[in-house]
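Read off the chains here:
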Amino acid sequence: MSSTRMPINAVRNFLSRSLSRRALARGLVGATAAVLIASASPVALAATPKDTLVLAWAIDDIITLDPAESFEISAGEIMGNTYDRLVRFDVADPSKLYGDVAESWAVSEDGKTYTFKLKPGLKFASGNPLTAEDVAFSLQRAVKLDLAPAFILTQFGLSKDNVEQKVRKIDDLTVVLETDKAYAPTFVLNCLTANVAAIVDKKLVLEHEKDGDLGNGWLKTNYAGSGPMKIRDWRANEILALERNDNYYGEKAKLPRVIYRHVKESATQRLLLEKGDVDIARNLTPEDLAAVEKNADIAITSRPKGTIYYISLNQKHPILSKPEVREAMKWLVDYDAIGETLIKGIGKIHQTFLPMGLLGAIDEKPYKLDVAKAKELLEKAGLKDGFSITMDVRQTQPVAGIAEAVQRTFAQAGIKMEIIPGDGKQTLTKYRARNHDLYIGQWGADYWDPHTNADTFARNPDNSDNAASKPLAWRNAWDIPELTKKADAAVLERDEAKRVEMYAELQRDLLKTSPFIIIYQMVETAGVRKNVQDFVLGATSDSTYVFKVSKN
Amino acid sequence: MAPGTARAGGRRRARLQATAMAIVRFLVVVALTYLGLLAVTFFIGRVIPVDPVLAIVGDRAPTHVVERVREELGLNLPLYQQFLIYIGKALSGDFGTSVLTSNPVMADIRRVFPATLELATLGTLIGTVLGVPLGVLAAVRRGSFLDQIVRVIGLVGYSVPIFWLGLMALLVFYARLGWVEGPGRIDVVYEYTVTPLTGILLIDTAMQGEWEAFRNVFGHLILPASLLGYFSMAYISRMTRSFMLTELGQEYVVAARAKGLSEGKIIWRHALRNALVPLVTVIALSYATLLEGSVLTETVFSWPGLGLYITDSLQNADMNAVLGGTIVVGSVFIGLNLLSDLLYRVLDPRTRAR
């Protein structure tokens, strides 16, 4: 025996986890589970406490609870329930805004100064008063820390050096924000709904400041907000507990406690849900959803999200950069079949780069599987006999399944595609270095404005290898000076109707010429026990409000 | 002073010296083992094609943030320099912070290791208590129906994926029959009634007299522990059987029979006693394997243990966490090795003489 077994074992586990053994086990489980559950009538029902909402969710993506740093999906939901911000958007109609701690706001004539009036008498969960001082501090702090989501604020010309002049308190209830250009007001306000603009308790945070970190080290695992719920406890990969905040200005949370349990496997989530040990299961696969749907005690709720799944073509590749090939590949995806099987219940076919729900999104789907048309295009490109190509695919569903489906339809036109399987971070590392041929991935809106996607799909200000900004267009080496100008103009258009029209045009341009084969928009689905009321999934991760939920 | 005692004193001193040398040699070996372990893990962790910065800042962060974080973490330095810095810090007791959990690595391990320890200990107990007698019986009645059954149980234990068996067990005993509690370590109701002291929930609940919670914890523990117990039983019973067969074929057994000792005495007092010597190593090894944490079992049962912690960290190139986990697993192996060596001495008089 030797102690060097460990790394070998870890690597083996790591491989078996992402590769075949697990997939095989899944298949077996699926089949047997179906038989067993069909014949099973659960005995005594376990129940969650009446005053606590219990959710099973894969929350292993949470790496920090500081709103100036947090950029992950599950963390987004926690931030949305525990921190207030100046404005929020309406969950029912995400293109409408309402004031959160702001009572009203006004934009100056020249379009560069935003003045916010706060609601009076606000308090943090700690008991400290919430004033313009805290609002200005929070925005300044996010810009100064300059962590992953900070660009949402710095894109209107805020920087470490100027933020104290650009964002400032006028009096206890008035805050002013100045931008460098006259942006579309919808754009600026939409950005302020993001978590990075959440308001933190200045006094509390600064009490825990260490080495000038503005309290970041402390806030990673603690709480300093004013939202309807407060964070009581977070144990990474295990549990996250929320508690009602009695100092909240608005309607108080219905339940005193909400507990997220980290459960990674869909099959395990389903068992817990059917047994009543959790009230809501958040990561059910299409198979488990179909099974749960038949259960009279469980309802299914779903909501299209701001995330789209796409295949992209690296334009450094001599064949993939031919316009005919780009178009041909769009005709070689069996959208209908994918929609009916692989993504049933968790996605809907969508082909433009703006997901539905964002301002200006259009729902045009010109492409369908048409092998003859694709062959014609390939012949025009001088590739009558097809070609060989690789695709980097992370081994999770439904992405792996879609890659296999595409591999089959590509073959019909003579394109031999080899799948290079990998772990999520591994394929992403390669993609970010522009070393792929084809890549399949997803993109989620960073904030609730069309510019978030236009910025990455339709802008590439510098296509050189050491560019300062590396959007998706850059990652695929797609050099588009004209489209970049159009996207830049759209974010400055102050007339909303005109702005909408500009985005429609951009989407049509990309549909035709881009190296992005957009396949579907993600739909988030949850299984909810019937005694749970008012659980509504939001369009973004930070607008799923568990504080509105009640149980009977 | 009589010449006899002087010689005895000299011998004692010589023996003391030899013991001291042995201890020093042992410590050197341990230190080298740790160093080798860390080096291998460190370099494997760095050659896997995953950018560790990605785990920290995510896919969306602008380039300048990515570069700044890379610099802050010292990832721009040559590999050997990064390794030396790590070793230097580790020697002063600083094992760094996990990027995935934002906690100091040792705090994380203090949280996840007890979960695995509790599960592995119970699993090994079950495996040993059942596996040893079964193996003995199979050896004694070699070729009998019982032997065949033990063989089949062993074979199934070897070949069925634990992932599948775990879900099946949950379906039957939790979902359908309701005999045991479901995935997780404790029901939400008891979650905040027990203050974590040792992290081993059976002990914590018992110490605080929370007997209802104790029952709940046991209900959560019993299924995954039985499952792990089953797998280690399969291994232990096979090994016991083959050790026993060797012993039963020895001349001293024939001699004992000729002396007229009862068959029971021969098997349990004489043959098993001798078979126990190698068996201790087998059991220690199987315990150590369980203490590494079983990723698949931990996944199915939502068990926040060491296996999942290390795997998740490795997938995200969260090297501080991986190295911290490696140290723990290494210590477990070294500790159990030492323990089985000591037990050898107790069980086998010959090693004592040497």
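Conventions used here
- The written sequence of each chain sets the order in which its residues are numbered from 1.
- Chains and ligands are labelled by the order in which they are written, letters from A for the one and numbers from 1 for the other.
- For a predicted model such as this one, the threshold for reporting local features is a pLDDT of at least 70, and the threshold for listing and counting side-chain atom pairs is 80 or more; totals across whole chains, interfaces and linings nevertheless cover every residue.
- By the criteria applied, helices consist of DSSP H or I runs no shorter than four residues and strands consist of E runs no shorter than two, each listed in order from the N terminus.
- Each radius of gyration is computed over the set of C-alpha atoms, and the globule rule expresses the reference value as 2.2 Å times the number of residues to the power 0.38.
- We call two residues in contact if the C-beta atoms placed from their backbones are at most 7 Å apart.
- Here the expected span of a helix is defined as 1.5 Å times the quantity of residues minus one.
- Exposure in this text rests on C-beta crowding, where 20 or more other C-beta atoms within 10 Å of a residue's own make it buried, 12 or fewer make it exposed, and counts in between make it partly exposed. The C-beta atoms are placed from the backbone.
- Working definition: the arc comes from the directions between the helix axis and the C-beta atoms, pointing outward to the latter.
- Note on residue classes: Ala, Val, Leu, Ile, Met, Phe, Trp, Tyr, Cys and Pro are nonpolar, Asp, Glu, Lys and Arg are charged, and everything else, Gly too, is polar.
- Two axes enter the definition of the bend at a residue: one is fitted to the seven residues ending there, the other to the seven starting there, and the bend is the angle between them.
- All axes here are fitted lines through C-alpha atoms, helices being fitted over the stretch that makes contact, and every angle between N-to-C directions spans 0 to 180 degrees.
- Each angle gets one of four labels, with under 35 degrees taken as roughly parallel, over 145 as roughly antiparallel, 65 to 115 as roughly perpendicular, and the rest as oblique.
- Rotating anticlockwise by less than a right angle from the far helix to the near helix defines a left-handed crossing, while the corresponding clockwise rotation defines a right-handed one.
- For every residue, the predictor assigns a confidence score, pLDDT, that lies between 0 and 100.
- Any two strands with at least two DSSP-identified bridges between them are counted as paired.
- The handedness of a crossover follows from its direction of travel: if, with the strands pointing away from the viewer, the path from the first strand over the helix to the second runs clockwise, the crossover is right-handed.

### Some words on the overall build of chain A
Logical step 1: Each helix and strand counted, chain A has 20 helices and 19 strands in total.
Logical step 2: On C-alpha atoms alone, chain A measures out to a radius of gyration of 25 Å, which is about the 24 Å that the 2.2 N^0.38 rule sets for 552 residues.
Logical step 3: In terms of overall dimensions, chain A has a C-alpha envelope of 70 × 65 × 55 Å along the principal axes.
Logical step 4: Look at the contacts in chain A between residues 6 or more apart in sequence, and 70% of them connect residues 24 or more apart.

### Remarks on helix α20 (residues 496-513) of chain A
Residue and element names in this part refer to chain A.
Logical step 1: The end-to-end C-alpha distance of α20 is 26 Å, a good match for the 26 Å that 18 residues give at a rise of 1.5 Å each.
Logical step 2: Taken together, the buried positions of α20 are occupied by R499, M502, Y503, L506, Q507 and L510. The buried residues of α20 occupy an angular sector of 140° when the element is viewed end-on, so they sit on one face. Structural note: α20 exposes A497, K498 and K512 on the side pointing more than 90 degrees away from its buried face.
Logical step 3: Where α20 is buried, its residues meet α17 (451-457), α19 (481-492) and β17 (516-529).

### A look at the interface of chain A and chain B
Logical step 1: The partner chain B presents 66 residues to the 66 residues of chain A that form the contact.
Logical step 2: Of all the secondary structure elements, the ones that give two or more residues to the side of chain A that touches chain B are α1 (5-18), α2 (20-39), β1 (52-57), β10 (257-262), α10 (266-275) and α16 (424-432) of chain A.
Logical step 3: Residue composition of the side of chain A that touches chain B, by class: 31 nonpolar, 15 polar and 20 charged.

### Regarding helix α7 (residues 162-176) of chain B
Residue and element names in this part refer to chain B.
Logical step 1: With 15 residues, α7 extends 20 Å between its outermost C-alpha atoms, agreeing within 8% with the 21 Å of an ideal straight helix rising 1.5 Å per residue.
Logical step 2: Residue L170 marks the point of greatest curvature in α7, where the axis turns by about 25°.
Logical step 3: Within α7, burial applies to I162, F163, W164, L165, G166, L167, L170, L171, Y174 and A175.
Logical step 4: Once α7 finishes, G178 follows within two positions and takes phi at roughly 70°, a positive value.

### Here we look at the packing of helix α5 (residues 105-140) of chain B against helix α14 (residues 319-347) of chain B
Residues and elements named next belong to chain B.
Logical step 1: Running from amino to carboxyl end, α5 crosses α14 at an angle of 55°, the nearest separation of the two axes being 10 Å. Taken together, the axes of α5 and α14 are oblique relative to one another. Considering only the axes of α5 and α14, their crossing is right-handed. Residue-level contacts link V105, M106, D108, I109 and F113 of α5 to N320, A321, G324, G325 and V328 of α14.
Logical step 2: A class-by-class count of the residues in the contact of α5 with α14 yields six nonpolar, three polar and one charged.

### Brief notes about the environment of B:Y344
Logical step 1: Tracing the chain through its elements places B:Y344 in helix α14.
Logical step 2: A C-alpha to C-alpha distance of 22 Å links B:Y344 and B:G249, two positions 95 residues apart in sequence.

### Comments concerning the confidence of the model for chain A
Caution is warranted with low-pLDDT regions, since their predicted coordinates should not be read in detail.
Logical step 1: When pLDDT is averaged across chain A, the result is 89; 92% of the residues are at 70 or more.
Logical step 2: Segment residues 33-44 of chain A: pLDDT under 50, and 14 contacts once partners within four positions in sequence are set aside and those in other chains are kept.

### Quick word on the sheet that holds strand β6 (residues 167-171) of chain A
Pairing between sheet strands relies on hydrogen bonds along the backbone, with the strands arranged either parallel or antiparallel.
All names here are of chain A.
Logical step 1: Sheet architecture is open: four strands sit in the order β4-β5-β7-β6, paired in antiparallel fashion. Strands with a single pairing partner mark the edges of an open sheet, and in this sheet they are β4 (102-107) and β6. Along the sheet, successive strands turn relative to each other by an average axial angle of 20°, direction set aside.
Logical step 2: Pairing between β6 and strand β7 (residues 174-178): four bridges, direction antiparallel. Residue D171 lies in a different strand from β7, and its bridge partner there is T174.
Logical step 3: Across the face of the sheet, helix α4 (residues 132-145) comes into contact with β5 (113-118), β6 and β7 while running at roughly 175° to β6.

### Some thoughts on the pairing of strand β15 (residues 415-422) of chain A
Residue and element names in this part refer to chain A.
Logical step 1: Sheet analysis places strand β14 (residues 387-394) next to β15, joined by eight bridges and oriented parallel. When the sheet's bridge partners are listed, I389 is paired in β15 with M417.
Logical step 2: For the crossover that starts at β14, traverses helix α15 (residues 399-412) and ends in the parallel β15, the hand is right-handed.

### Some words on unusual backbone geometry
Trans peptide bonds make up most of the peptide bonds, and negative phi angles are found at most residues other than glycine.
Residue and element names in this part refer to chain A.
Logical step 1: Residue P398 is bonded to the preceding Q397 through a cis peptide linkage, with omega at 0°.
Logical step 2: Counting through the fold element by element, P398 comes out in the loop between β14 and α15.
Logical step 3: Backbone geometry at L214 places phi at a positive 55°, although glycine is not the residue there.
Logical step 4: Here L214 lies in the loop between α8 (202-207) and α9 (216-219).
Logical step 5: Judged by the 22 C-beta atoms lying within 10 Å of it, L214 is buried.
Logical step 6: Even without a glycine there, the phi angle at D534 is positive, about 65°.
Logical step 7: Within the secondary structure, D534 is located in the loop between β18 (532-533) and β19 (550-551).

### Things to note about the environment of B:G199
Residues and elements named next belong to chain B.
Logical step 1: On the secondary structure map, G199 appears in the loop between α7 and α8 (201-207).
Logical step 2: The class for G199 is partly exposed, based on 15 C-beta atoms found within 10 Å.
Logical step 3: On a C-alpha basis, the gap between G199 and R110 in space is 7.7 Å, while along the polypeptide they are 89 residues apart.

### Here's the deal with the environment of B:Y34
Residue and element names in this part refer to chain B.
Logical step 1: Tracing the backbone shows Y34 in helix α1 (residues 3-47).
Logical step 2: Taking the C-beta count within 10 Å as the criterion, Y34 has 18 such neighbours and is therefore assigned partly exposed.
Logical step 3: Along the sequence, Y34 and I334 sit 300 residues apart, while their C-alpha atoms lie 9.5 Å from each other.
Logical step 4: In this structure Y34 touches I327 and G330, once residues within four positions along its chain are discounted.

### A short note on the packing of α10(A) against α7(B)
Logical step 1: Here α10(A) crosses α7(B) at 5°, and the two axes come no closer than 11 Å. Classified by the angle their axes make, α10(A) and α7(B) are roughly parallel. Taking contact as the criterion, the partners of A:A267, A:L271, A:E274 and A:K275 in α10(A) are, on α7(B), B:L167, B:L170, B:L171, B:Y174 and B:A175.
Logical step 2: Looking at side-chain class alone, the contact of α10(A) with α7(B) contains seven nonpolar, no polar and two charged residues.

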